[in-house]
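# Structural characterization, general
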Amino acid sequence: MSSSEKEELKKAWADHSRLWKKNRWVYPVISRRAGGLSIGINVNPDKRCSFNCLYCQVDRKTPGENIPFDLEQIKAELENLFNAYAQNGLIDFANLKELPKADRQIKDISVSGDGEPTLIPEFKILSRFLLDFQMQHAGTPLKLVLITNATRLHLPEVREGLACLTENAGEIWTKLDGGSDAWFKRISDSPYSLDKIQENIEMTVRNFPIRIQTMLCKVDNEIPSEQEIELYTERVKTIYEKNPENLLEVQLYGLIREPNTTRVAPLEKSFLENVARKIREKIPAEVGVY
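Residues numbered from 1 in each chain as written. Predicted model: local features only at pLDDT ≥ 70, side-chain atom pairs only at ≥ 80, totals over all residues. Heavy atoms only, no water.

On to the pairing of strand E8 (residues 247–253), then. Burial analysis of E8 places 6 of its 7 residues in the buried class, which makes it a mostly covered element. Here strand E6 (residues 210–215) pairs with E8 via 6 bridges, running parallel. What sits directly across from Met215, in E8, is Tyr253. Bridge analysis of E8 against strand E10 (residues 287–289) gives 3 bridges, and the strand direction is parallel. By the bridge assignment for E10, Leu252 is matched with Val289. (Buried < 20%, exposed > 50% of the residue type's maximum accessible area, 1.4 Å probe, protein only. Helix = DSSP H or I, 4+ residues; strand = E, 2+ residues; numbered from the N terminus. Pairing = 2+ DSSP bridges.)

On to the environment of Ile109, then. Inspection of the secondary structure puts Ile109 in strand E3 (residues 106–112). Taking C-alpha positions, Ile109 is 5.1 Å from Leu144, a pair spaced 35 residues apart along the chain. Excluding anything up to four places from it in sequence, Ile109 contacts Ile39, Ile41, Leu78, Phe82, Leu130, Phe133, Leu142, Lys143, Leu144 and Val145. (Contact = heavy atoms within 4.5 Å.)

Moving on to helix H2 (residues 71–88). Residues that lie three or four places apart on an α-helix share one face, since the helix turns once every 3.6 residues. With 18 residues, H2 extends 26 Å from end C-alpha to end C-alpha; this agrees with the ideal 26 Å at 1.5 Å per step. Residues of H2 that are buried make contact with strand E1 (26–31), strand E2 (36–42), E3 and helix H3 (123–136). Of the residues that open H2, the one with a side-chain oxygen 3.3 Å from the backbone nitrogen of Glu72 is Asp70. (Expected span 1.5 Å × (residues − 1). Polar contact = N/O pair within 3.5 Å; in protein donor to acceptor, adjacent residues only side chain to side chain.)

In the predicted model, the protein carries a mean pLDDT of 90, and 90% of its residues have values of at least 70. Here residues 8–14 scores under 50 on pLDDT; set against residues more than four positions off or in separate chains, the count is 17 contacts. (pLDDT = per-residue confidence, 0-100.)

Written out as structure tokens, the structure is:
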């Protein structure tokens, strides 16, 4: 890849706009962790979330759209986007124009957006539809992905949705943003305890394939301490031991998108690579640095 192509790819990674043409729910985005084109479904246009992460790029000071969930509109938008992709590979999409074809391949349909997707009452219905959609488009190799903060993974209605999303090689990508409760609360501004988050992830990894997602960054110019990293790696080890086969990867990623606060700043990639090394010393799992 040329230097100019690398720069274009970095620009695409940094732009996670939820907008595509006149769509309200479905959008394309170049994802560094998906390794290509991810089709996102923003089920939280109201911006409702159980976290208020410092590194989040969603502007929560501006109210979201309080619009009713519309499965028929989601279906139409997905079909339109897939038709456009079949016709020209979405080459007219601003983020994709300068990218090589290899970086414009659809990798997944991701249930995510401007809040916590499992908060919507229609989560199970949406999950069932997406499984059907995946089967209908079997000619396009893609997987279904849920990006979640793990706060509701213990609920029966949510777990029914997880079963649909993972039936055909789907995955749960769940946050674990800390080793100590103090650091976790500081970075996520959540009323939930880190122990509860870990408990939900442990429950989930027993039955479903997961990838742990962890943001590593400076907070108020403070770097995560050695003790913080040690506590974090121990939590990952405990989760891994619940079902080693279902922990597909630990995704360590740094700050690349513009957050809504100056309280956070990126760390050197070497810091993330050092954390990855410490995880590999404890468990034989795949660890990615992004």
